[in-house]
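Observations on the model geometry
One letter stands for each residue in the lines below.
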Amino acid sequence: MENLISLVNKIQRACTALGDHGENSALPTLWDSLPAIAVVGGQSSGKSSVLESVVGKDFLPRGSGIVTRRPLVLQLHKIDEGSREYAEFLHLPRKRFTDFVAVRKEIQDETDRETGRTKQISSVPIHLSIYSPNVVNLTLIDLPGLTKVAVEGQPDSIVKDIEDMVRSYIEKPNCIILAISPANQDLATSDAIKISREVDPTGDRTIGVLTKIDLMDKGTDAVDILEGRAYRLKFPWIGVVNRSQQDINKNVDMIAARRREREYFNSTPEYKHLANRMGSEHLAKMLSKHLETVIKSKIPGIQSLINKTIAELEAELTRLGKPVAADAGGKLYAIMEICRSFDQIFKDHLDGVRPGGDKIYNVFDNQLPAALKRLQFDKQLSMENIRKLITEADGYQPHLIAPEQGYRRLIESSLITIRGPAESAVDAVHSLLKDLVHKAMSETLDLKQYPGLRVEVGAASVDSLERMRDESKRATLQLVDMECGYLTVDFFRKLPQDVDKGGNPTHSICDRYNDSYLRRIGTTILSYVNMVCATLRHSIPKSIVYCQVREAKRSLLDHFFTELGKMEIKRLSSLLNEDPAIMERRSALAKRLELYRSAQAEIDAVAWSK
Ligand SMILES: Nc1nc2c(ncn2[C@@H]2O[C@H](COP(=O)(O)OP(=O)(O)OP(=O)(O)O)[C@@H](O)[C@H]2O)c(=O)[nH]1
């Protein structure tokens with residue numbers, strides 16, 4: 001059971017080291033879920049005295065006015081009888097204090113380091129661990145004393161500032177409130193009771209401690225309070241008699257003070273019957289036991305909170321992506337990795353692993369054939385056009401056997417129109433590839449993280465695609481030009497020789513060839529052009545795939561990689577320039593995750609050993 005408190009102690013120390021002390025934070029806080037005992041009370045109510053007598057040592061700063069200006073998380077660890085007592089501060093790891101006067105000085109100095117020498121307060125706690133055979137395992141948080149007026153040197157806001165800080169600690173449902181009230185003042189005016197009633201109206205987590213019982217007016221006693229009649233709390237009130245100022249001045253040691261306290265309760269007739277549940281020793285034991293019980297009951301809740309938070313932190317870290325390496329090699333590697341994953345996503349789109357690549361086939365299967373169909377060669381090969389071109393090609397000497405030149409001109413003028421659809425197909429595929437680049441960019445999570453790199457990768461990809469488009473256009477149009485430049489002779493050789501021009505040479509130039517002759521020429525040319533068109537319908541996609549699609553898959557970022565190799569570290573860093581807010585958030589999340597993971601391991605170990 002005892003290791004439950006040391007478990008919470010360990011986690012609390014880790015929390016403070018990571019800046020988690022339960023303040024409003026953009027990060028999940030573990031601190032708030034850990035049970036702790038906070039000591040509250042008005043100034044001079046006896047808080048320090050109670051703490052010191054629980055510890056059995058003088059170690060807290062003394063002085064007039066506001067002394068405790070930062071919360072002090074005091075963790076008591078019981079060690080083996082006969083071992084030497086020592087203290088350790090979290091902010092001074094591995095430095096053991098065996099002199100408790102030095103402990104007091106360090107508390108003062110550390111307070112000043114955070115708040116300056118002014119009388120300001122700070123909610124960042126100081127962590128002090130005391131290892132002693134004379135303590136029980138316990139964690140107590142000493143808070144600045146509540147006050148009613150600001151004294152000289154203090155800002156007017158101090159009264160409220162202290163109250164707010166105290167409230168921020170004790171309003172947490174896991175906080176056990178040790179409410180210190182002096183017996184020589186009316187309970188109705190007790191600051192401790194006032195504020196604890198506010199945050200814990202049922203008194204379920206408030207333990208009332210009555211100090212200065214020895215200073216009560218003669219003829220009065222605290223029995224009504226101690227027996228819970230004056231103000232009922234769920235737990236019995238505990239009365240203590242601390243050292244008076246005079247005792248302190250006279251250096252009355254703590255052991256003697258405890259003995260005297262015991263004697264006081266045993267020998268005072270009014271309190272004799274309550275003696276077994278009065279005094280600092282009883283208070284320390286009772287607090288330790290109570291804290292253990294509370295921790296035990298909270299462990300399952302803390303475990304599930306930790307598990308849930310770990311999952312949330314991990315999810316957010318994944319969303320934010322990996323941090324960037326500091327050296328040039330690491331940066332280059334990171335960029336290459338990101339580019340590779342982008343490239344893979346782009347390829348996945350083309351290969352059908354992801355959607356979008358099928359639209360390219362649609363260009364070849366629908367768009368290009370439809371565009372070729374729209375060329376309407378038959379209209380191009382109208383009687384007038386045939387007549388015009390044939391006669392023009394004849395020149396001054398009408399052809400003797402077949403209008404060779406006329407054929408050529410008519411075929412060429414028809415085939416040349418295929419350049420249009422061929423070019424459009426190239427452009428259509430280019431724009432689809434560009435779309436896929438954008439899609440792949442938005443699907444590459446790491447690129448989202450680095451806007452600079454994203455812009456460069458996008459620009460480099462589009463540059464490459466444009467180069468590929470130009471090459472594709474050249475190659476594809478060359479296919480059409482090749483068809484224009486050299487006709488398939490066999491096609492014409494197979495045709496029957498036509499000698500009958502059917503015209504009368506005496507007729508005017510317009511009537512030189514009769515319609516049926518021209519119609520036959522038209523039909524021949526149309527079937528030739530259609531044959532070539534059917535071939536191009538298949539070879540244009542091949543050229544486009546070869547020059548654009550296959551090339552994009554093969555070398556989309558090749559040029560960028562060459563450039564990358566020449567870049568200096570400054571330029572590489574600028575590519576990986578993350579939003580500083582993201583970098584900060586990632587490192588804060590990583591630290592918090594580490595805290596939660598170690599807390600999980602610690603708690604699991606204790607929970608299993610129960
Ligand atoms: N006689 C007697 N004196 C006490 C008792 N408790 C505290 N005192 C004295 O009351 C004075 C104030 O006690 P502290 O323990 O310093 O009170 P505190 O609440 O810590 O005060 P601040 O830190 O200034 O807010 C000191 O002189 C103590 O010696 C007690 O039970 N009996």
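This one's a predicted model, so the numbers in the text were calculated from it and none came from an experiment.

Thresholds, definitions, all that
Each chain has its residues counted from 1, following the order in which its sequence is written. Local features are withheld for residues below a pLDDT of 70 in this predicted model, meaning they are given only at 70 or higher, and side-chain atom pairs are given and counted only at 80 or more; totals for whole chains, interfaces and linings count all residues. Hydrogens and water are ignored here; the side-chain numbers use all heavy atoms of the structure. When a carboxyl oxygen of Asp or Glu lies within 4 Å of a side-chain nitrogen of Lys or Arg, that pair is called a salt bridge. Counting from the N terminus, the helices are DSSP H or I runs at least four residues long and the strands are E runs at least two residues long. A simple rule labels every residue: compare its accessible area, found with a 1.4 Å probe on the protein chains alone, to the largest value its type can have, and call it buried under 20%, exposed over 50%, or partly exposed in between. The criterion for an aromatic pair is that two Phe, Tyr or Trp rings (for Trp, the six-membered ring) have centres within 6.5 Å, with stacked assigned to planes under 30 degrees apart, edge-to-face to planes over 60 apart and tilted to the rest. Here, a charge over a ring means that NZ of Lys or CZ of Arg falls within 6 Å of the ring centre while also lying within 35 degrees of the ring normal. For two strands to pair, DSSP has to find at least two bridges joining them. Angles here are taken between N-to-C directions and fall from 0 to 180 degrees, while the axes themselves are lines fitted to C-alpha atoms, restricted in helices to the stretch in contact. Note: crossing handedness is left-handed where the near helix turns anticlockwise from the far helix by less than a right angle, and right-handed where it turns clockwise. Only heavy atoms enter the contact rule, under which two residues are in contact if any of them lie within 4.5 Å. Here the nonpolar group is Ala, Val, Leu, Ile, Met, Phe, Trp, Tyr, Cys and Pro; Asp, Glu, Lys and Arg are the charged ones; every other residue, Gly included, is treated as polar. Here a polar contact means two N or O atoms within 3.5 Å. Within protein one must be a hydrogen donor candidate and the other an acceptor candidate, and residues neighboring in sequence count only if both atoms are side-chain atoms. The definition of a nonpolar core used throughout is a set of buried Ala, Val, Leu, Ile, Met, Phe, Trp, Tyr and Cys residues joined through side-chain atoms within 4.5 Å. Multiply 1.5 Å by the residue count of a helix minus one, and that product is the helix's expected span. Summarising the geometry, the arc corresponds to the directions from the helix axis toward the C-beta atoms. Nearness of a residue to a molecule or strand requires only that one of the residue's heavy atoms be within 4 Å of it. Only the protein chains shown count as cover for residues, and all accessible areas are computed by the Shrake-Rupley method using a 1.4 Å probe. Any angle from 65 to 115 degrees is called roughly perpendicular, while one under 35 is roughly parallel, one over 145 is roughly antiparallel, and all others are oblique.

**Side note on the pattern of salt bridges**
Within this structure, the stated rule accounts for 35 salt bridges. A salt bridge links Arg70 to Glu110, with the shortest nitrogen-to-oxygen separation between them at 3.2 Å. Residue Arg70 is located in the loop between α2 (47–55) and β2 (72–78), and its partner Glu110 is located in helix α3 (residues 100–115); the two are separated by 40 residues in the primary sequence. Per residue, the accessibility class of Arg70 equals that of Glu110, and both read buried.

**Here we look at the packing of aromatic side chains**
In this structure the tally under the stated criterion is 10 aromatic pairs. With a centroid separation of 5.3 Å and an interplanar angle of 80°, the aromatic rings of Phe89 and Phe97 are classed as edge-to-face. Each member of the pair, Phe89 together with Phe97, is buried. Here Phe560 and Phe561 contribute two aromatic rings whose centre-to-centre distance is 6.5 Å and whose plane-to-plane angle is 40°, an arrangement assigned as tilted. The structure contains a cluster of three or more aromatic residues connected by ring pairs, namely Tyr407, Phe491, Phe492 and Tyr528. Its end group placed over the ring of Tyr86, Arg96 keeps NZ or CZ at 4.0 Å from the ring centre.

**Quick notes on the pairing of β2**
Taking burial as the measure, the 7 residues of β2 include 6 buried ones, the bulk of the element. Note: β2 against strand β4 (residues 126–132), 7 bridges, orientation parallel. By the bridge assignment, Leu76 is partnered in β4 with Ile130. Sheet topology note: the β2/strand β5 (residues 138–142) ladder contains 5 bridges and is antiparallel. By the bridge assignment, Val73 is partnered in β5 with Ile141.

**Some thoughts on the packing of helix α10 (residues 328–351) against helix α19 (residues 515–555)**
Running from N to C, α10 and α19 point in directions that differ by 150°, and their axes come no closer than 9 Å. In this structure, α10 meets α19 at a crossing whose hand is left-handed. Across from Phe346, Lys347, Leu350 and Asp351 in α10, the residues of α19 making contact are Val549, Ala552 and Lys553. The class makeup of the residues in the contact of α10 with α19 is 4 nonpolar, no polar and 3 charged.

**Quick look at the side chain of Ser196**
Looking at the element boundaries, Ser196 is found in helix α5 (residues 191–199). Here the side chain of Ser196 touches Ala192 through a polar contact of 2.7 Å, landing on its backbone oxygen. Excluding anything up to four places from it in sequence, Ser196 contacts Ile177, Ala179, Pro201 and Thr206.

**Quick look at the nonpolar core**
Judged by nonpolar contacts, the single largest core of 69 residues is most densely connected at Phe342, Phe346, Ile418, Leu453 and Ile521. The element best represented in this core is α19, accounting for 13 residues. Dropping the residues within four chain positions of it, Phe346 is found in contact with Leu433, Leu436, Val437, Ala440, Ala552 and Leu556. In terms of nonpolar packing, the next biggest core, distinct from the first, is built from 56 residues, Leu7, Phe100, Phe235 and Ile238 among them.

**Looking at helix α14 (residues 404–415)**
With 12 residues, α14 extends 16 Å from end C-alpha to end C-alpha; this agrees with the ideal 16 Å at 1.5 Å per step. Those residues of α14 lying buried are Gly406, Tyr407, Leu410, Ile411, Ser414 and Leu415. Along the axis of α14, the buried residues cluster in a sector spanning 155°; they form a single face. Looking at the buried residues of α14, the elements they touch are α12 (377–380), α13 (383–394), α15 (419–443), α17 (451–485), α18 (489–493) and α19.

**Considerations on the pairing of β4**
Of all the 7 residues making up β4, 7 are buried; the element is thus mostly covered by neighbouring parts of the structure. Of the two faces of β4, the one holding Ile126, Leu128, Ile130 and Ser132 and the one holding His127, Ser129 and Tyr131 are both buried throughout. Across 4 bridges, strand β3 (residues 86–89) lies against β4 in antiparallel orientation. Residue pairing for β4: Phe89 is matched across the bridge by Leu128.

**What about the sheet that holds β4?**
With mixed pairing, 8 strands are arranged side by side in an open sheet as β3-β4-β2-β5-β1-β6-β7-β8. In the strand order of this sheet, the two ends are held by β3 and β8 (238–239), each with one partner. As judged from the 2 bridges shared by strand β7 (residues 206–211) and β8, these two strands associate in the parallel manner. Residue pairing for β8: Leu210 is matched across the bridge by Gly239.

**Topic: the site of the ligand**
The local shell around the ligand holds 20 residues, among which Ser48, Ser49, Asn242, Arg243 and Gln245 are the closest. In this structure, an oxygen atom belonging to the ligand sits 2.8 Å away from a main-chain N or O atom of Asn242. Bound to the protein, the ligand loses 90% of the 640 Å² it would expose on its own. Listed by contribution, the elements that provide at least two residues to the shell around the ligand are α2 and α7 (245–249). Top contributing element to the shell around the ligand by residue count: α2, with 3 residues. A class-by-class count of the residues in the shell around the ligand yields 4 nonpolar, 11 polar and 5 charged.

**Structural notes on the environment of Pro133**
In this fold, Pro133 is placed in the loop between β4 and β5. The sequence separation of Pro133 and Ser83 amounts to 50 residues, and the corresponding C-alpha distance is 6.7 Å. The contact partners of Pro133, leaving out residues within four places of it in the chain, are Lys78, Ile79, Asp80, Glu81, Gly82, Ser83 and Glu85.

**Description of unusual backbone geometry**
Phi at Lys212 takes a positive value of approximately 55°, unusual for a residue other than glycine. Tracing the sequence through the fold places Lys212 in the loop between β7 and α6 (223–226). Of note, Gln376 is a non-glycine position whose phi angle comes to about 45°, a positive value. Among the secondary structure elements, Gln376 is positioned in the loop between α11 (358–373) and α12.

**Things to note about the environment of Glu106**
Within the secondary structure, Glu106 sits in helix α3. Classification of Glu106 by relative accessible area gives buried; the value is 9%. Taking the C-alpha atoms as reference, Glu106 lies 9.8 Å from Leu92; in sequence the two are 14 residues apart. Residues within four places of Glu106 in sequence aside, it is in contact with Phe89, His91, Leu92, Phe97 and Arg113.

**Structural notes on the packing of α13 against α14**
Helices that pack against each other are described as a pair by the angle of their axes relative to one another and the distance between those axes. Closest axis-to-axis distance for the α13/α14 pair is 8 Å, and the angle between their directions is 130°. When the interaxial angle is binned, α13 and α14 end up oblique. Relative to α14, the crossing made by α13 is right-handed. Taken together, the residues of α14 that come into contact with α13 (itself represented by Asn385, Ile386, Leu389, Ile390, Glu392 and Ala393) are Gln405, Gly406, Tyr407, Arg409, Leu410 and Ser413. Here the residues of the contact of α13 with α14 sort into 6 nonpolar, 4 polar and 2 charged.

Such coordinate-based values are descriptive only and should not be taken to indicate function.
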